[in-house]
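# Coordinate inspection notes
Residues per chain, in single letters:
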Amino acid sequence: GVSGTIPSEIGQLTLLTTLGFRANFLSSTIPSQIGKLSLLEIIEFYTNSFEGAIPIQLTSLNRIIVFSLYENNFSGTIATEYGLMKSLKEINVYTNSLSGTIPTELGQLNELNQLLLQSNYITGTIPSQIALLTNLFWLSLSINTLSGTLPSIHSLTLLTGLELASTKLLSGTIPTQIGLLTNLGYLALVNNKFSGTVPSEIGQNTLLNLLELAANTQLSGFLPSEMAYLSFLTSLSISYTSVTLGNDSSAICALISSCSQTLIPWSVCSKCDGPEPSETSSSSFSPYQSISITSSTTTTSTSTNSPTNSITMTITQTKPLSSTTTNSPTNSPTNSITNSLTNS
């Protein structure tokens, strides 16, 4: 890989449309002269050791489509001027040291498909203007310190992934509007302060593959029987909540037909005719443990791709899944970007 720094003379390459220094050993700051490259459409500096603030001059590049600076040491805030970059389809700045709040001006990016801000030091609330990003298919704000409630996002009907895990202070109820996101395949709300019950409308998310609700200690009530419609569900995490099965639990038990004695609390699996767990069954597991339901024989595996580092166990499902699941965490945009280098 390439090491060293990017020279300021790079600003003289005015015909560049793609600038990629991917997965190298580059360090220091990004030269502000890159802001002179008015034809740039793609900037990919991910997986290096860049540091300092992201130059404000880059926001003048109004042709930029892909802006990927993830896995570096960038600091400073997310500038409001990013709202002027109207051609943006991808903002990938996760795993840095960015701070401050999410600017409301991001709601002006009508073409945006991916907004990946996880693993930073971002604070404040989720702005309501996020709902204006109607072309968004993946939103990840996990592992920050966000507060407040989840704003109305029922307009984000193309959304396939919503990651709000370990923001620690998000509170309020899980909105019933979540059921309108019918393309949703990945929903991670782990380790927050959500309260109330799991809305029955979640049964409308029929493409849902992963549902992580663990470590929301104020979440209670019954798993809604409508969850029986989630035929693609392979991972369900409800540890360290007070969620249980209701009296009419036959529909859920058809989905989770053989409860393991070590994977979920006895209060959940006792109605599934599974064996009673030992005294140490649930207390020894991380709040991010998951239950995987497959049509194969019982095995145990570890998930390495979950944003919450969940431990994925496997239990047997009697009824085979209707088709092969495609919305797994391994298909997250954060794991599927090709490391190629193109200069025009």
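Keep in mind the model is a prediction, meaning the values are calculated, not measured. Throughout this description, residue numbers start from 1 for each chain and increase along the sequence as written. Only residues with pLDDT of at least 70 get local features here, since the model is predicted, and only at 80 or more are side-chain atom pairs given and counted; chain-wide, interface and lining totals rely on the full set of residues. To get the side-chain values, all heavy atoms of the structure are used, and hydrogens and water are removed first.

## Some words on the overall build of the protein chain
Inclusion rule: Each helix corresponds to a stretch of at least 4 residues labelled H or I by DSSP, and each strand to a stretch of at least 2 residues labelled E; elements are numbered beginning at the N terminus. Each residue gets one of three labels from its accessible area relative to the maximum for its type: buried under 20%, exposed over 50%, partly exposed in between, using a 1.4 Å probe on protein chains only.
Counting its regular elements, the protein chain contains 2 helices and 22 strands. For the protein chain, with 344 residues in total, the buried portion stands at 48%.

## Here we look at the nonpolar core
Short version of the rule: To form a nonpolar core, buried Ala, Val, Leu, Ile, Met, Phe, Trp, Tyr and Cys residues must be joined to one another through side-chain atoms within 4.5 Å. Contacts are assigned to residue pairs that have any heavy atoms within 4.5 Å of one another.
In this structure, I34, F67 and L115 are the most contacted members of the largest nonpolar core, which totals 69 residues. With sequence-adjacent residues up to four places away left out, I34 is seen in contact with I10, L19, L40, I43, F45, L58 and L61. Of all hydrophobic cores here, the second largest spans 11 residues; its members include Y46, Y94, A165 and V190.

## Focus: the sheet that holds strand β1 (residues 3–4)
Rules: Pairing between strands is defined by DSSP: at least two bridges between them are needed.
Strand order in the open sheet made by the 4 strands is β1-β3-β5-β7, with parallel pairing throughout. The sheet is open, and its two borders are formed by β1 and β7 (73–75), each paired with just one other strand.

## Focus: the packing of aromatic side chains
Keep this limit in mind: Each pair of aromatic rings taken from Phe, Tyr and Trp, with Trp reduced to its six-membered ring, is defined by centres within 6.5 Å and is described as stacked if the planes are under 30 degrees apart, edge-to-face if over 60, and tilted in the remaining cases.
Counted under the stated rule, the structure contains 7 aromatic pairs. Ring geometry for Y70 and Y94: centres 4.4 Å apart, planes at 10°, overall stacked. Of this pair, Y70 sits in the loop between β6 (66–68) and β7 while Y94 sits in the loop between β8 (90–92) and β9 (99–100); the two residues are 24 residues apart in sequence, bridging distant segments of the chain. Using a relative accessible area of 4% as the deciding quantity, one classes Y94 as buried.

## Considerations on the pairing of strand β5 (residues 49–53)
The pairing of strand β3 (residues 25–28) with β5 spans 2 bridges and is parallel. Residue pairing for β5: S27 is matched across the bridge by S49. Relative to β7, β5 runs parallel, the two being bridged by 3 bridges. For G52, the partnering residue across the bridge sits in β7 and is F74.

## Overview of the confidence of the model for the protein chain
Just so we agree on the cut-off: pLDDT expresses, on a scale from 0 to 100, how confident the predictor is about each individual residue.
When pLDDT is averaged across the protein chain, the result is 78; 71% of the residues are at 70 or more. This model gives residues 258–344 a pLDDT under 50, and the stretch forms 180 contacts once residues within four places in sequence are excluded.

## Looking at the sheet that holds strand β19 (residues 218–219)
One key point about sheets: their strands pair by backbone hydrogen bonds, in either a parallel or an antiparallel sense. Read across the sheet, 6 strands follow the order β9-β11-β13-β15-β17-β19 without closing on themselves; strand pairing throughout is parallel. Each edge of the sheet is formed by a strand with only one pairing partner; in this case those strands are β9 and β19. As judged from the 2 bridges shared by β9 and strand β11 (residues 121–125), these two strands associate in the parallel manner. Residue pairing for β11: S99 is matched across the bridge by Y121.

## A word on the side chain of E44
Our working rule: N or O atoms closer than or at 3.5 Å make up a polar contact, with two conditions inside protein: a donor-capable atom paired with an acceptor-capable one, and, for residues adjacent in sequence, both atoms drawn from side chains.
Topologically, E44 is positioned in strand β4 (residues 42–44). Polar side-chain contacts of E44 include one of 2.3 Å to the side chain of R22.

## A short note on the pairing of β11
A regular strand places its side chains on the two faces of the sheet in alternate fashion. In this sheet, strand β13 (residues 145–149) lies alongside β11 in parallel orientation, the contact comprising 3 bridges. Bridge pairing links T123 to T145 in β13.

## Things to note about the environment of S49
Topologically, S49 is positioned in strand β5. A relative accessible area of 35% means that S49 is categorised as partly exposed. Sequence separation between S49 and F74 is 25 residues; the distance between their C-alpha atoms is 8.5 Å. With residues near it in sequence (within four places) discarded, S49 still touches L26, S27, S28, N72 and N73.

## Here we look at the pattern of salt bridges
How we decide: Whenever Lys or Arg places a side-chain nitrogen within 4 Å of a carboxyl oxygen from Asp or Glu, that contact is recorded as a salt bridge.
A full pass over the atoms with the stated rule returns 2 salt bridges. With a shortest N-O distance of 3.6 Å, K89 and E111 are connected by a salt bridge. Of this pair, K89 sits in the loop between β7 and β8 while E111 sits in the loop between β9 and β10 (114–116); the two residues are 22 residues apart in sequence, bridging distant segments of the chain. Taking the relative accessible area as the measure of exposure, E111 reaches 36% and is therefore partly exposed.

## A short note on the environment of L184
Among the secondary structure elements, L184 is positioned in the loop between β15 (169–173) and β16 (186–188). Assessed through its relative accessible area of 0%, L184 is described here as buried. Distance in space between the C-alpha atoms of L184 and F137 is 8.7 Å, their sequence separation being 47 residues. If we skip the residues at most four places from it in the chain, L184 touches L159, T160, G161, L162, I178, N205, L207 and L208.

## Structural notes on unusual backbone geometry
You will see that S28, though not glycine, has its phi angle at about 70°, which is positive. If you trace the backbone, S28 turns up in strand β3. Note on S28: relative accessible area 28%, which makes it partly exposed. For T47, which is not glycine, the phi torsion reads 60° and is therefore positive. Considering the arrangement of structural elements, one finds T47 in the loop between β4 and β5.

## So, the environment of P199
Among the secondary structure elements, P199 is positioned in the loop between β17 (193–196) and β18 (210–212). Sequence spacing of P199 and P224 is 25 residues, and the spatial spacing of their C-alpha atoms is 7.0 Å. Discounting residues that sit within four places of it in the chain, P199 has contacts with I174, P175, T176, I178 and P224.

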